[in-house]
Amino acid sequence: MPLSNRKSKIASFLLLAALALLALMPLFFAGGAEGKNLEAVVTVDGEIIRRVPLARESDEIFTVATPHGENRIAVSGGRIRVEDADCPAKICVKSGAISEIGEVIACLPHKLLIEIREIK
Ligand SMILES: [Zn+2]
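The rules behind the values
- Here, residues in each chain are numbered from 1, in the same order as that chain's written sequence.
- Local features in this predicted model are restricted to residues of pLDDT 70 or higher, and side-chain atom pairs are both shown and tallied only at a pLDDT of 80 or more, whereas totals for entire chains, interfaces and linings draw on every residue.
- Just so you know, side-chain values use all the structure's heavy atoms and leave hydrogens and water out.
- Residues with no salt bridge and a relative accessible area higher than 30% make up the patches, which join like charges within 9 Å and nonpolar side chains (Val, Leu, Ile, Met, Phe, Trp, Tyr) within 5 Å.
- For every accessible area listed, the method is Shrake-Rupley and the probe measures 1.4 Å; residues are considered covered only by the protein chains on display.
- A side-chain nitrogen of Lys or Arg and a carboxyl oxygen of Asp or Glu constitute a salt bridge if their distance falls within 4 Å.
- Secondary structure elements are defined from DSSP: runs of H or I of at least 4 residues count as helices, runs of E of at least 2 residues count as strands, and each element is numbered from the N terminus.
- Here the term buried applies to any residue with accessible area under 20% of the maximum for its type, exposed to any over 50%, and partly exposed to those in between, with areas from a 1.4 Å probe on protein chains only.
- Two residues form a contact once any of their heavy atoms are found within 4.5 Å.
- Pairs were defined over the aromatic rings of Phe, Tyr and Trp, the Trp ring being its six-membered one, requiring ring centres within 6.5 Å. Orientation was assigned from the angle between planes: stacked under 30 degrees, edge-to-face over 60, tilted for the rest.
- The rule is short: NZ of Lys or CZ of Arg within 6 Å of the ring centre and within 35 degrees of the ring normal puts a charge over the ring.

1. Regarding a nonpolar patch on the surface
Link 1 in the chain: Together, Leu15, Leu16, Leu19, Leu22 and Met25 make up an exposed nonpolar region whose accessible area comes to about 520 Å².
Link 2 in the chain: With respect to the helices, strands and loops of the structure, Leu22 is situated in helix H1 (residues 3-35).

Spelled out as structure tokens, the structure:
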């Protein structure tokens, strides 16, 4: 086999391999995010009150009574949000739902914090 022919075969193989890798890349990243086990950590005044696994099938509503007021928290479809609260501005309610690592909902008047973490 002539050398040039062989070289082009190797080149086209490498090209195919690179293309295959690129094609698989989005799957890999999506899979990585999906496969992570997340939990929402609820703290009041720096103390952990509750940890809720944020699995897709989690479906739960609970009320956190802080010394400063109450927050009703809803978990569904891998997301968590403050559904209702008796704080004045209701910024925590307006924050909406969170579902990604590092996202936070804060209710400053109640010193309540909901943070999403990866379960290790
Ligand atoms: Zn609030």
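There's more to say after this.
2. Structural notes on the side chain of Thr43
Link 1 in the chain: By the element assignment, Thr43 lies in strand S1 (residues 38-44).
Link 2 in the chain: For Thr43, a relative accessible area of 12% corresponds to the buried category.
Link 3 in the chain: When residues no more than four places from it in sequence are discounted, the contact partners of Thr43 are Ile48, Ile49, Lys111, Leu112 and Leu113.

3. Some points on the packing of aromatic side chains
Link 1 in the chain: With the rule as written, the count across this model stands at zero aromatic pairs.
Link 2 in the chain: The side chain of Arg50 reaches across the aromatic face of Phe62, ending 4.0 Å from its centre.

4. Considerations on the pattern of salt bridges
Link 1 in the chain: Applying the stated criterion to the full structure yields five salt bridges.
Link 2 in the chain: The salt bridge partner of Arg117 is Glu115, with a shortest N-O separation of 3.6 Å.
Link 3 in the chain: Its relative accessible area of 30% is what places Arg117 among the partly exposed residues.
Link 4 in the chain: Residue classification places Glu115 among the partly exposed residues on the basis of a relative accessible area of 26%.
Link 5 in the chain: Linked through salt bridges whose partners overlap, the residues forming this network are Arg72, Arg81 and Glu83.

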